[in-house]
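So you can see what is in the structure, the chains are spelled out below.
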Amino acid sequence: MRKLLVMTMLGVAAFLLHKWYNREVLLEGEGFVRLQSEHEHFHFHVDLPPGMEIQPGDTLEIMHLPPTEDGRTNGEICYRSPIRLYKASALRRFLTKKSSLVEINELVEHP
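Below you will find a few notes about this structure.

1. Let's talk about the sheet that holds strand 2 (residues 42-47)
Here's step 1: Pairing is antiparallel across the open sheet formed by 4 strands, whose spatial order is 2-1-4-3. Of all the strands in the sheet, just strand 2 and strand 3 (59-62) have a single pairing partner and so form its edges. This sheet shows a mean twist of 35° between the axes of neighbouring strands, independent of strand direction.
Here's step 2: Here 6 bridges tie strand 1 (residues 24-37) to strand 2, and the two strands are oriented antiparallel to one another. Across the sheet, the residue bridging to S37 is F42, located in strand 2.

2. Side note on the pairing of strand 1
Here's step 1: For strand 1 and strand 4 (residues 75-88), the ladder comprises 14 bridges, and the chain directions are antiparallel. Within strand 4, the residue paired with E28 across the bridge is R84.
Here's step 2: Hairpin geometry of strand 1 and strand 2 is characterised by an intervening segment of 4 residues between the two adjacent antiparallel strands.

3. Section: the pattern of salt bridges
Here's step 1: Under the defined criterion, the tally for this structure stands at 5 salt bridges.
Here's step 2: A salt bridge links R92 to E24; its shortest N-O distance comes to 3.9 Å. Of this pair, R92 sits in helix 2 (residues 90-109) while E24 is found in strand 1, placing the two residues 68 residues apart along the sequence.
Here's step 3: Take R92: its relative accessible area is 17%, and that puts it in the buried class.
Here's step 4: Through salt bridges with shared partners, a single ionic network connects D58, K87 and R93.

The rules behind the values
Residues numbered from 1 in each chain as written. Predicted model: local features only at pLDDT ≥ 70, side-chain atom pairs only at ≥ 80, totals over all residues. Heavy atoms only, no water. Pairing = 2+ DSSP bridges. Helix = DSSP H or I, 4+ residues; strand = E, 2+ residues; numbered from the N terminus. Axes fitted to C-alpha atoms, helices over the stretch in contact; angles between N-to-C directions. Salt bridge = Lys/Arg side-chain N within 4 Å of Asp/Glu carboxyl O. Buried < 20%, exposed > 50% of the residue type's maximum accessible area, 1.4 Å probe, protein only.

Here it is as structure tokens:
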């Protein structure tokens, strides 16, 4: 009986951690997109509306892409697009920051 209670409590705790980790808040707005694609590099920059800030763990979705020939921009294309910013939960943000620090340390400390 006690083992069943412990297993149930562990299951509930795992479920709640999973729900907390996957929790997101959606912010919508319009951003100014600069897309530059050349032979040697690809650069993509989005100016967010006031009040929106990307932090570790967040996801930005750009709703419209400009029409291009074969994905080439022949320089730089600037346009406005609706955007969606999915704000990560505090747990996901914390774990993203910690895992990033580990990766940076591995790069710096690698012989």
